[in-house]
Amino acid sequence: MHDIRAIRANPEAFDAGMARRGLPPAAERLISLDAARRTATTAVEEARAARNRKSREVGALKGAGRHDEAQALIDELAAGERVSGEALSQAEAALRDALAELPALLADDVPEGADESSNVVLHQHGAPPSFPFQPKQHFELGEAMGLMDFTAAAKLSGARFTVLRGALARLERALGNWMVNLHAEHGYEEVSVPLMVNDEAVFGTAQLPKFAEDLFRTTDGRWLIPTAEVPLTNLAAGEILADAVLPQRYTALSYCFRSEAGSAGRDTRGMLRQHQFMKAEMVSITRPGDSAEEHERMTRCAERVLSELGLVWRRIMLCAGDTGFASSKTYDLEVWLPGQGAWREISSCSNMLDFQARRMNARYRPKDEPGGKKAQPAFVHTMNGSGVAVGRALIAVMETHQQEDGSVLVPEVLRPWMGGLERIGP
């Protein structure tokens, strides 16, 4: 959500920011809606003032026994307040809805570009390995082992689901548990979150209203979370946090649910794009001046996961046209999948600045200013990152550490979580 005062102060800069997103100018319309809101606010204040001015007249009429006239005046004043109040509510909703439709302004260092072809590789860790045999894709390995069953999943749930068995099921669980433990070492507090949330929570992190079709909704109006970012970030919703408690860092291992609207025909084989998947999530809530460094720190935490698993990865800065709706700046981490012979996203770490905080009304109280002047509450900055997508990590581990006989070596860091198991085979 944007600050209408900042838009009024510099409409040209705001429109330039929307242009980077490939959007038409919006400031003039927003300022017009804000003017209507302010006019409606004035009407409400005038109606209240009129009621106060007329209160003595009402009392005089009652004192003179003219109760019908007094009641008629009361009704007239109440009607005026009601009409002006309804007009204000409508004007506020119109402005709020218009602001809610617009994406976040991008950071200055986000590269220009219309799509992913303009994303910039910042760093690469390792080189794609060469194999003395033709490497297989994860689903070829898993099905040959008898431990990855897409037919059973389709019978139970339809397309884009997977049944894992035996050692692969345990490897998925080991990956998630190890990741959350690692992030706890990084200073993130582990949180167990609800998998269903209300409208306000999904609006607060900006999945609503724009991305409703990407979500699953329950019959009682709740939403299955597309990522633990939603409940974790909303822990700060409506709060005024003390300066001393910042930054707040949370991590959660949860199932996530996405309809994958618009993905028909893409990644239909295997586990790359699922309706249900497990992910370790990181969320940070910080002072505005700390968010840039916190974003870098968070990304390094996700990178450590990939390095310790012995994977080849690279950091990408997303360009203007590929940066998410609520993000000011995003780093994607891509992992090399030898079976596919391609780089695939495995983590996305984004700095939202105060965009989500304004939607959630999440604030903090800065330290008092010099001279003892009381500091006013200010919006926090929020950021989130995958730490990482467990299913994609499973894919990457299988394809990177596969052996010629079709078995998969278990990375050393996971062996304690696998009861000492070193190799997964048929």
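As the structure is a computational prediction, the values presented were derived from the model and not from experiment.

**Concerning the sheet that holds strand β8 (residues 248-257)**
Inference 1: The strand order across the open sheet formed by eight strands is β1-β10-β11-β12-β15-β9-β8-β4, and the pairing between neighbours is mixed. Where the open sheet ends on each side, the last strands, each with one partner, are β1 (120-125) and β4 (189-190).
Inference 2: Direction of pairing for strand β11 (residues 329-337) relative to strand β12 (residues 342-351): antiparallel, over a ladder of nine bridges. By the bridge assignment, aspartate 332 is partnered in β12 with serine 348.
Inference 3: Packed onto the sheet, helix α7 (residues 166-185) meets β4, β8, β9 (276-286) and β15 (381-389) and runs at close to 165° relative to β8.
Inference 4: With respect to the sheet, helix α10 (residues 291-308) is in contact with β1, β8, β9, β10 (313-317), β11, β12 and β15, its orientation differing from that of β15 by roughly 5°.

**Observations concerning a nonpolar patch on the surface**
Inference 1: A grouping of Leu195, Met196 and Tyr255 is seen on the molecular surface, where their side chains present a nonpolar patch of about 240 Å² in accessible area.
Inference 2: Tracing the backbone through its elements, the reader meets methionine 196 in strand β5 (residues 196-197).
Inference 3: For methionine 196, a relative accessible area of 40% translates into the label partly exposed.

**Regarding the UniProt feature "binding site: ATP" (unreviewed entry) in the protein chain**
Inference 1: As annotated by UniProt and renumbered to match this structure, "binding site: ATP" (unreviewed entry) occupies Arg258, Ser259, Glu260, Glu345, Ile346, Ser347 and Ser348.
Inference 2: Here arginine 258 lies in the loop between β8 and β9.
Inference 3: Residues within four places of arginine 258 in sequence aside, it is in contact with Asp214, Phe216, Pro226, Thr227, Gln274, His275, Phe277 and Lys279.
Inference 4: By the element assignment, serine 259 lies in the loop between β8 and β9.
Inference 5: Serine 259 gets classed as buried once you look at its relative accessible area, which sits at 17%.
Inference 6: Other than its neighbours up to four places away in sequence, serine 259 contacts Glu213, Asp214, Leu215, Phe216 and His275.

**Comments concerning the sheet that holds strand β7 (residues 240-242)**
Within a sheet, neighbouring strands are paired by backbone hydrogen bonds and run either parallel or antiparallel to one another.
Inference 1: Taking strand neighbours across the sheet as the criterion, the three strands line up as β7-β13-β14 in an open arrangement whose pairing is mixed. The sheet terminates laterally at β7 and β14 (378-379), the two strands that pair on one side only.

**Observations concerning the packing of aromatic side chains**
Inference 1: All told, the structure shown has four aromatic pairs when counted by the stated rule.
Inference 2: Look at phenylalanine 211 and phenylalanine 325: their rings are 5.8 Å apart centre to centre, the planes differ by 85°, and that puts the pair in the edge-to-face class. Taken together, the residues span a long stretch of sequence, with phenylalanine 211 in the loop between α8 (199-204) and β6 (223-224) and phenylalanine 325 in the loop between β10 and β11 at a distance of 114 residues.
Inference 3: For the ring pair tryptophan 336 and tryptophan 343, a centre distance of 5.4 Å and an interplane angle of 70° mean the geometry is edge-to-face. Assigned by exposure class, tryptophan 336 and tryptophan 343 land together as buried.
Inference 4: These aromatic residues form a ring-pair network of at least three members: Phe211, Phe325 and Phe355.
Inference 5: Between arginine 315 and the ring centre of tyrosine 331, over which it is positioned, the NZ or CZ distance is 4.6 Å.

**Looking at the domain arrangement of the protein chain**
Inference 1: Domains assigned within the protein chain are domain 1 (4-101) and domain 2 (116-424).
Inference 2: Residue-level contacts link four residues of domain 1 with eight residues of domain 2.
Inference 3: Joining domain 1 to domain 2, the criterion identifies zero salt bridges.
Inference 4: Here domain 1 and domain 2 share three residue pairs in polar contact (both at pLDDT 80 or more) between them.
Inference 5: For the side of domain 1 that touches domain 2, the residue count by class is one nonpolar, no polar and three charged.

**Here we look at the pattern of salt bridges**
Inference 1: As enumerated under the stated definition, the model contains 23 salt bridges in all.
Inference 2: Residue aspartate 34 is joined to arginine 38 by a salt bridge in which the shortest nitrogen-to-oxygen separation is 3.4 Å. With aspartate 34 and arginine 38 both in helix α3 (residues 27-63) and four residues apart, the pair spans about one turn of that helix.
Inference 3: Accessibility expressed as a relative area gives 0% for aspartate 34, which makes it buried.
Inference 4: Accessibility expressed as a relative area gives 41% for arginine 38, which makes it partly exposed.
Inference 5: By sharing partners, the salt bridges in this structure join Asp3, Arg5, Asp354 and Arg358 into a single network.

**Considerations on the environment of phenylalanine 203**
Inference 1: Considering the arrangement of structural elements, one finds phenylalanine 203 in helix α8.
Inference 2: For phenylalanine 203, a relative accessible area of 22% gives the class partly exposed.
Inference 3: For phenylalanine 203 and valine 230, which are 27 residues apart along the polypeptide, the C-alpha to C-alpha distance reads 9.1 Å.
Inference 4: The residues contacting phenylalanine 203, other than those within four sequence positions of it, are Met1, Ala100, Leu208, Pro209 and Arg359.

Quick notes on the rules
Residues numbered from 1 in each chain as written. Predicted model: local features only at pLDDT ≥ 70, side-chain atom pairs only at ≥ 80, totals over all residues. Heavy atoms only, no water. Pairing = 2+ DSSP bridges. Helix = DSSP H or I, 4+ residues; strand = E, 2+ residues; numbered from the N terminus. Contact = heavy atoms within 4.5 Å. Axes fitted to C-alpha atoms, helices over the stretch in contact; angles between N-to-C directions. Patch = residues over 30% accessible without salt bridge, like charges linked within 9 Å, V, L, I, M, F, W, Y side chains within 5 Å. Areas by Shrake-Rupley, 256 points an atom, 1.4 Å probe, with all protein chains shown as cover. Salt bridge = Lys/Arg side-chain N within 4 Å of Asp/Glu carboxyl O. Buried < 20%, exposed > 50% of the residue type's maximum accessible area, 1.4 Å probe, protein only. UniProt positions renumbered as here; feature names shortened; annotations may be inferred. Phe/Tyr/Trp six-rings, centres within 6.5 Å; stacked < 30°, edge-to-face > 60°. Lys NZ or Arg CZ within 6 Å of the ring centre and 35° of its normal. Domains from an automatic or database assignment. Polar contact = N/O pair within 3.5 Å; in protein donor to acceptor, adjacent residues only side chain to side chain. Nonpolar A, V, L, I, M, F, W, Y, C, P; charged D, E, K, R; others polar.

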